[in-house]
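Spelled out from the first residue to the last, the chains are:
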Amino acid sequence: MSSRLKLSLLVVVLLLAGPSVARTQQNPYRLKETDQRKLCLSCHADFEATLKKRYVHTAVQSGECSGCHSPHVSSHGKLLEGTPGQICATCHDGVVPAGARSTHQVVADGECSNCHDPHASDNPSVLLARGNELCVSCHKDVGDAIAKAKFSHS
């Protein structure tokens, strides 16, 4: 057999074997644990209690930690992918309707975590506190006025 024919056969064999060889080799940059939730909890075991709260944020519930956090490096605290407001807006972009005449300042500033826990809560909508408790935690003057009022709205 000529060397040219041998080379041609070798190329054909390698081409045919290439995809199956590639499938059996692991990508060295791939996460060793494909379940992100399990991987994150292997170091953040104390977070297990958070996951038992009544209302768990959908991204957390589905184990998509890397949707908000970078597992390697970040320019933001807690290895966040961006500012909290930017991250929240990727899924919750319609919170403020277009052309709104008035917007709560914390919403306008993208400070979602002032009212919402980004992971889980015992309150609906993953709020940090229930109803008026949450509002008067910032608006103390309103809370004081309500407490002193002789007649209040239900």
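Residues numbered from 1 in each chain as written. Predicted model: local features only at pLDDT ≥ 70, side-chain atom pairs only at ≥ 80, totals over all residues. Heavy atoms only, no water.

Remarks on the overall build of the protein
Secondary structure summary: the protein contains seven helices and two strands in total. Beginning at the N terminus, the succession of helices and strands in the protein can be written as α-α-β-α-α-α-β-α-α. The burial tally for the protein puts 14% of its 154 residues in the buried class. Sequence separation of 24 or more characterises 39% of the internal contacts of the protein that already satisfy a separation of 6 or more. Split by element, the accessible area of the protein, about 12600 Å² in all, is 58% carbon and sulfur. (Helix = DSSP H or I, 4+ residues; strand = E, 2+ residues; numbered from the N terminus. Buried < 20%, exposed > 50% of the residue type's maximum accessible area, 1.4 Å probe, protein only. Contact = heavy atoms within 4.5 Å. Areas by Shrake-Rupley, 256 points an atom, 1.4 Å probe, with all protein chains shown as cover.)

Thoughts on the nonpolar core
If you look at the biggest cluster of nonpolar residues, it comprises five residues: Leu41, Leu51, Val56, Val60 and Ala120. Those residues within four positions of valine 56 in sequence are excluded, and the remaining contacts are Leu51, Gln61, His119, Ala120 and Val126. (Core = buried A, V, L, I, M, F, W, Y, C linked by side-chain atoms within 4.5 Å.)

Observations regarding the environment of alanine 59
Here alanine 59 is to be found in helix α3 (residues 58-61). The partly exposed category is assigned to alanine 59, whose relative accessible area is 26%. Between the C-alpha atom of alanine 59 and that of histidine 119, which follows or precedes it by 60 residues, the distance is 8.2 Å.

Some words on the side chain of serine 70
With respect to the helices and strands, the residue serine 70 is situated in the loop between α3 and α4 (84-91). The residues touching serine 70, leaving out its near neighbours within four places in the chain, are Leu79 and Glu81.

Things to note about the confidence of the model for the protein
For the protein, per-residue confidence averages 83 on the pLDDT scale, and residues scoring 70 or more make up 77% of the total. Here helix α1 (residues 3-24) is the element of the protein with the lowest mean pLDDT, 56, and strand β2 (residues 120-121) is the one with the highest, 97. Across residues 20-24 the pLDDT falls below 50, and counting only partners more than four positions away or on other chains, this stretch makes zero contacts in the model. (pLDDT = per-residue confidence, 0-100.)

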